Every structure is written in C-alpha cells, then in structure tokens.
Amino acid sequence: MSASPFKTRIFSGIQPSGGLTLGNYLGALKRFVEKQDEGIETVYCMVDMHAITVWQDPAKLRQQTREGAAAFIAAGIDPARSILFNQSQVTAHAELGWIFNCIARMGWMSRMTQFKDKAGKNSENVSLGLFAYPSLMAADILAYKATHVPVGDDQKQHLELCRDIAIKFNNDYGVDFFPVVEPVIEGAATRVMSLRDGTKKMSKSDPSDQSRINLTDDADTIAKKIRKAKTDPEPLPDNLNDLKDRPEAKNLVNIYAALAGHTPEQVIADFAGAQFGTFKPALADLAVAKLEPITLEMNRLMQDPSEIDRILGQGADRAEAIARPIVDQVYDIVGMIRSRGR
Ligand code: TYM
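What you see is a predicted model, and the numbers here were worked out from it, not measured in a lab.

The rules behind the values
- Residues numbered from 1 in each chain as written.
- Predicted model: local features only at pLDDT ≥ 70, side-chain atom pairs only at ≥ 80, totals over all residues.
- Heavy atoms only, no water.
- Core = buried A, V, L, I, M, F, W, Y, C linked by side-chain atoms within 4.5 Å.
- Buried < 20%, exposed > 50% of the residue type's maximum accessible area, 1.4 Å probe, protein only.
- Contact = heavy atoms within 4.5 Å.
- Salt bridge = Lys/Arg side-chain N within 4 Å of Asp/Glu carboxyl O.
- Helix = DSSP H or I, 4+ residues; strand = E, 2+ residues; numbered from the N terminus.
- Near = heavy atom within 4 Å.
- Polar contact = N/O pair within 3.5 Å; in protein donor to acceptor, adjacent residues only side chain to side chain.
- Areas by Shrake-Rupley, 256 points an atom, 1.4 Å probe, with all protein chains shown as cover.
- Nonpolar A, V, L, I, M, F, W, Y, C, P; charged D, E, K, R; others polar.
- Phe/Tyr/Trp six-rings, centres within 6.5 Å; stacked < 30°, edge-to-face > 60°.
- Lys NZ or Arg CZ within 6 Å of the ring centre and 35° of its normal.

Q: Looking at this structure, how should I read the nonpolar core?
A: Nonpolar side chains in soluble globular proteins tend to be buried together. Tyr25, Leu29 and Phe279 are the most contacted members of the largest nonpolar core, which has 62 residues in total. Setting aside anything within four residues of it in sequence, one finds Phe279 in contact with Leu236, Leu252, Val253, Tyr256, Val267 and Phe271. Met137, Phe169, Ile326 and Tyr331 belong to the second largest nonpolar core, which has 48 residues in total.

And the structure:
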C-alpha cells in the first residue's frame, strides 16, 4: 500500500437497514476478511446512525444490527483481530460528523448521486440526515485517521467527498491532521447487479426479493433465484469483450468469478460456448457451497444475541480508545475549550 506519513489502517461500514445481500458480501464483507487476513489493522462498523436517515422500526434495527454483526463473524471476521462494533456506541462519529457538516459545502453535498437517487422527486420530504449522510461517513473514516477504505463501486463518490473534506479541514486550519483516504475498490464484483435487471445494482431495498440473494436465504432459495435470473438466449462467448452489451450475462460471470476467487477471464475460458442451462446450475452449486456455511453460522450466532452484543460492546471500547483522542485533538484545532475535570 502507498507510502504515507499516516499509519495504514482500514475502516469500512455496512448499514443495518435490511438483510445483507450477495452484493454486500462480494463487494464488501469478503474483501474485509481478506484485508484482516493480510495482517492490516482493520476497523469495521455496523453504521446504525446511517440507517436511521430513513425511518427504521426500532426492534428490527436492533435485530438487523445483530444479524449484520453475525454476518461479519460468519464470513471470517475475527473480533479479536479486527475491531467490530456498532457506530452509535462510539459518540466520536456523531461529534466529528457535526464538525464536518461545517466543513462540507452545500454544493458538494448537492452533487451526491446517491442522495439524488434515494430522494428522487421527494427531496423536500426526506430527512436532513439523508442529505448530510456523506459527511457522517467521512467522520466514520477520519475519526480513526483510516488510510484505506474497501467498498463497492457505489461508494466511490462518497469517498471522493471524504478526501475533499480532509483536504479542506487541513487547509482551513493550516494542519496536516487528516489523511487523504484511498478508496479500495477491487476485484470482479465491485458492482453486483440485480438478478432481474442487469442495469440495476443488487440492493437490499429493491422491492423484488427475486432481484437479490440474501445472506439469510437457504440453499434451495439461492439455487432457485439463480435458475430464474434474467439472461439472454446466447451461449457464453469466448472473450469478455463480447459480454459488453449483455449486462445480465456479464453479471453472472462476475459473480461466478468473485465466488470462485478467479478472474472473469478464467471463467469465460472455462465456460466458452456454454448455454445458461449449463452455466446457471454450476453457478448455483458454487453459490450454495460458498454461502451456505456462512448462513448456517449466522443462524447459530443469532441464537445468542447477548453474545453478539458483548462482542459489539468490546469492539466499541477498542474503537473509542482510538477515536476519542483524535476527536479531542480536532476540538483543540478548531478552538473549543475543553476544561472539564481539570
Ligand atoms: P451499504 O450498507 O449500502 O453497503 C455496504 C457495502 O456493500 C457494498 N455494496 C455492494 N458492492 C457490490 N455490489 C453491490 N450490489 C453492492 N451493494 C452494496 C457497498 O459499496 C458498501 O461497501 N455509506 C455506506 C456505509 C458506510 C461506510 C462508512 C462505508 C457508512 N460509513 C465509512 C465505508 C466507510 C453504505 O451505505 O453502504
């Protein structure tokens, strides 16, 4: 990783605003585990404060936060090696988020395509939090002075904003305090698409359950969804270029590659000329082989919610130990008096 005066540290987060999907797994979780296993310091967060930018049923939010944490652990995150916690337990995030609200410009925020997509025609009626969300996301990252952020492709613009906020803060106060983070958007599945429409992202908020694979789906459901996934009548070509205008076929090839740990080129070489009648069952078998153990382990962990809460609490203590001194220094830099307990 790049030479920087800042210590290499990874931060990333997932919203507990619904069940996790294959997109979250391939674009984020699986990559988080790889980074942990490379021996880099890793801090991972269930971002519950982000989730409430859209109204959440409180009991469901708690359940989804625990389920997300269970997914992290089931996928291979070791809470002894990585820091795993939920955002609201570490108040540094909200505090730094406010300071960044005063650094970020309205114009920058107005250009966020995800806000425009989520607000749609309803922009007068969505929460102020939904608009300010990317500045809280920058705070999540910079409260740890994280240098690298693994995410799926849809978070790229938010990370550019995080860089702009760090640069403006450093300039406004004449300091070299915050690192300018590197997005880590790598691999075959940085943008897993809907199984019903290859031009739309696979998402936990899509009204059609057939459009996605959930990490809680059982083996039969996974196989059925893949069998029914929209495709075209052509066999698979012998080179990736010929998938350019076939978004559904390309998506399935990318999913196969990411699950198998191969490149899309290798998958095309193995399946050149194959019909979907052959490719889909192979993909379904692979998906079940990779996902079923995770689902089973998640179910086992969810039997003991208090153990999950304990892990999140311990993670929050470790996260706080890093973030608190950083945010205290920010208060000093911006000119706040901190005189309690002196
Ligand atoms: P969220 O909860 O929407 O998604 C979590 C992670 O999963 C990735 N992802 C995908 N990757 C590939 N294909 C898909 N179809 C797909 N869908 C989701 C996302 O890119 C993301 O990496 N704003 C963030 C959460 C966040 C965060 C942060 C991330 C809050 N603070 C700080 C990094 C650092 C979000 O809503 O992700």
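Q: What exactly am I supposed to notice about the pattern of salt bridges here?
A: If the charged atoms of two oppositely charged side chains come close together, the side chains can form a pair. Counted according to the given criterion, the structure contains 25 salt bridges. Two residues, Lys225 and Asp209, come together in a salt bridge whose shortest N-O distance is 3.0 Å. Of this pair, Lys225 sits in helix H9 (residues 219-228) while Asp209 sits in the loop between strand E5 (182-184) and H9, and the two are 16 residues apart along the sequence. The class of Asp209 is partly exposed, set by a relative accessible area of 34%. In this structure, the salt-bridge partner of Glu248 is Lys230, at a minimum N-O distance of 3.4 Å.

Q: Would you explain the site of the ligand in this entry?
A: The ligand sits among 27 residues. The nearest are Tyr133, Asp140, Gly152, Asp154 and Val192. Gln155 places a polar side-chain atom, nitrogen or oxygen, 3.1 Å from a nitrogen atom of the ligand. At 2.9 Å, a backbone N or O of Met202 approaches a nitrogen atom of the ligand. Calculation on the ligand without its partners gives an accessible area of 700 Å², and the protein chains cover 97% of this total. Contributions of two or more residues to the shell around the ligand are made by strand E1 (9-14), helix H1 (22-37) and helix H7 (128-142). Across the shell around the ligand, the residue classes break down as twelve nonpolar, ten polar and five charged.

Q: Would you mind going over the packing of aromatic side chains with me for this structure?
A: How two aromatic rings sit relative to each other is set out by the distance from centre to centre and by the angle between their planes. According to the stated counting rule, one finds 16 aromatic pairs in the structure shown. Centroid distance Phe169 to Tyr173: 5.0 Å. Interplanar angle 45°. Geometry classified as tilted. Here Phe169 pairs with Tyr173, and both are found in helix H8 (residues 156-173), just four residues apart, close to one helical turn. Take Phe169: its relative accessible area is 0%, and that puts it in the buried class. Ring geometry for Tyr256 versus Phe279: centroids 5.5 Å apart, planes at 35°, classification tilted. Note that Tyr256 is positioned in helix H10 (residues 247-260) and Phe279 in helix H12 (residues 276-302), a separation of 23 residues in sequence. Each member of the pair, Tyr256 as well as Phe279, is classed as buried. Each residue in the set Phe100, Phe169, Tyr173, Phe177 and Phe178 is aromatic and connected to the rest through ring pairs, giving one cluster. Directly above the ring of Phe177 sits Lys145, whose terminal nitrogen or CZ lies 3.7 Å from the centroid.

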